[in-house]
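An overview of the molecular structure
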Amino acid sequence: GGMGAIFCSAMAATPTVVVTAAHCLDQFDDAGGDPVVFLVNTEAGGMAYRTRPETRTSHARWPDHEYDLGVFSISSPLPNTIYPFIRSTPVTASQVGTSLIAVGWGETVPDAGDAGVKRSVPMKIASTSGPFFVVRHDEGWRGVCHGDSGGPSILVTGARNELWGIHARSRD
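Residues numbered from 1 in each chain as written. Predicted model: local features only at pLDDT ≥ 70, side-chain atom pairs only at ≥ 80, totals over all residues. Heavy atoms only, no water.

1. Let's talk about the confidence of the model for the chain
When pLDDT is averaged across the chain, the result is 77; 75% of the residues are at 70 or more. Summarising per-element confidence for the chain, the mean pLDDT is lowest in strand β3 (residues 36-40) (63) and highest in strand β9 (residues 119-129) (89). (pLDDT = per-residue confidence, 0-100. Helix = DSSP H or I, 4+ residues; strand = E, 2+ residues; numbered from the N terminus.)

Written out as structure tokens, the structure reads:
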């Protein structure tokens, strides 16, 4: 049906700059090819955005499969976009237990065919290691799913959302 394969989730940083996981950007080649579907957080809930990035940048340490963070630019501004405050200080061990909201548009289970619906789940920071942190749900079985890579972990603080992390992988 309709959208085709859901590739990755993403979060708008500005009207033309989108943050996602670096491994999501690895699927693009410089020679062209089909656009990739990103599902981007907007005030309307979420939108499918088929695109080839104008520019794309992955973290300098991504080739070593560290720092799974990527940014790409698009030519047409996204409508009704929420622009989160991007956190400039790293998460520390003192923030273990902090409640975040994990957002994504992936499948609830592999091959369920239910991707493309914006879902969120409350999570807590379970541990930290250097610039990384692990989130867990109190019930254990809920969390980030296939297709949620690149989606945000958000701290909701009244009038603004703070982007605390990008979903890179889930081991559970």
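2. Things to note about the sheet that holds strand β11 (residues 152-157)
The pairing of strands in a sheet happens through backbone hydrogen bonds and is either parallel or antiparallel. A sheet is described by the order of its strands in space; here six strands give the open sequence β7-β12-β11-β8-β9-β10, paired in mixed fashion. The sheet terminates laterally at β7 (85-86) and β10 (132-136), the two strands that pair on one side only. As judged from the five bridges shared by β9 and β10, these two strands associate in the antiparallel manner. Paired with T128 across the bridge in β10 is F133. (Pairing = 2+ DSSP bridges.)

3. Brief notes about the state of the cysteines
A full pass over the atoms with the stated rule returns one disulfide. With its sulfur 2.0 Å from that of its partner, C8 forms a disulfide with C24. Taking the sign of the S-S torsion, -85° for the link of C8 and C24, the bridge is left-handed. Within this pair, whereas C8 is found in strand β1 (residues 8-14), its partner C24 is found in helix α1 (residues 22-25), the two being separated by 16 residues in sequence. Taking relative accessible area as the criterion, C8 reaches 2% and is therefore assigned buried. Judged by relative accessible area, which is 0%, C24 ranks as buried. (Disulfide = S-S within 2.5 Å. Buried < 20%, exposed > 50% of the residue type's maximum accessible area, 1.4 Å probe, protein only.)

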